[in-house]
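Chain and residue survey
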Amino acid sequence: MRLTIDTGKCSGHARCWEAAPDVFDIDDNGYALPLDVEVSDPPADSIRAGIAACPERAISLH
Ligand code: SF4
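All of these numbers come straight from a predicted model, not from anything done at the bench.

1. Let's talk about the overall build of the protein chain
Scanning the protein chain from terminus to terminus reveals two helices and three strands. Along the first, second and third principal axes, the C-alpha atoms of the protein chain reach 30 × 20 × 15 Å. Burial status across the protein chain gives 31% buried among its 62 residues. Relative to all contacts within the protein chain whose residues are 6 or more apart in sequence, the contacts with residues 24 or more apart total 63%. Counting 5 positive and 11 negative side-chain charges, the protein chain places the averaged centre of each group 9 Å from the other.

Put into structure tokens, the structure is as follows:
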């Protein structure tokens with residue numbers, strides 16, 4: 001599976017990083033850095049938590 005972030009939708013809440021700092025990374029203003037990585041299927045709980053934490057639905061798993 002592929003995990004990506006649409007940085008155009010990101011509003012800088014840093015919630016993804018708070019939920020899964022080992023997966024997501026943010027800049028100094030709390031905006032997610034671009035991400036496009038292969039992850040296991042099913043994805044780890046931390047990845048699902050990071051996706052669920054994003055109020056902008058900027059994180060996709062496909
Ligand atoms: S939770 Fe969503 S909006 Fe907030 S930093 Fe992460 S990707 Fe951006």
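2. What to know about the site of the ligand
Near the ligand you find Cys-10, Ser-11, His-13, Ala-14, Arg-15, Cys-16, Gly-30, Ala-32, Cys-54, Glu-56 and Ile-59, and these make up its full shell. In the shell around the ligand, the residues fall into six nonpolar, three polar and two charged.

3. Description of the environment of Asp-41
In this fold, Asp-41 is placed in the loop between β2 (36-38) and α2 (45-53). Sequence separation between Asp-41 and Arg-2 is 39 residues, and the spatial gap between their C-alpha atoms is 9.3 Å.

4. Side note on the pattern of salt bridges
One pass over the full model with this rule turns up two salt bridges. Among the ionic pairs, Asp-36 bridges to Arg-2, the shortest N-O distance being 2.7 Å. Here Asp-36, found in strand β2, pairs with Arg-2, found in strand β1 (residues 2-5); they are 34 residues apart in sequence, far enough to count as distant. Asp-36 sits in the partly exposed class, given a relative accessible area of 48%. A salt bridge links Arg-2 to Glu-38; the nearest nitrogen and oxygen atoms lie 2.8 Å apart. Within this pair, whereas Arg-2 is found in strand β1, its partner Glu-38 is found in strand β2, the two being separated by 36 residues in sequence. We classify Arg-2 as partly exposed; its relative accessible area is 30%. Accessibility expressed as a relative area gives 55% for Glu-38, which makes it exposed.

Calculation rules
Residues numbered from 1 in each chain as written. Predicted model: local features only at pLDDT ≥ 70, side-chain atom pairs only at ≥ 80, totals over all residues. Heavy atoms only, no water. Helix = DSSP H or I, 4+ residues; strand = E, 2+ residues; numbered from the N terminus. Buried < 20%, exposed > 50% of the residue type's maximum accessible area, 1.4 Å probe, protein only. Contact = heavy atoms within 4.5 Å. Lys, Arg positive; Asp, Glu negative; His and termini not counted. Charge placed at Lys NZ, Arg CZ, Asp CG, Glu CD. Near = heavy atom within 4 Å. Nonpolar A, V, L, I, M, F, W, Y, C, P; charged D, E, K, R; others polar. Salt bridge = Lys/Arg side-chain N within 4 Å of Asp/Glu carboxyl O.

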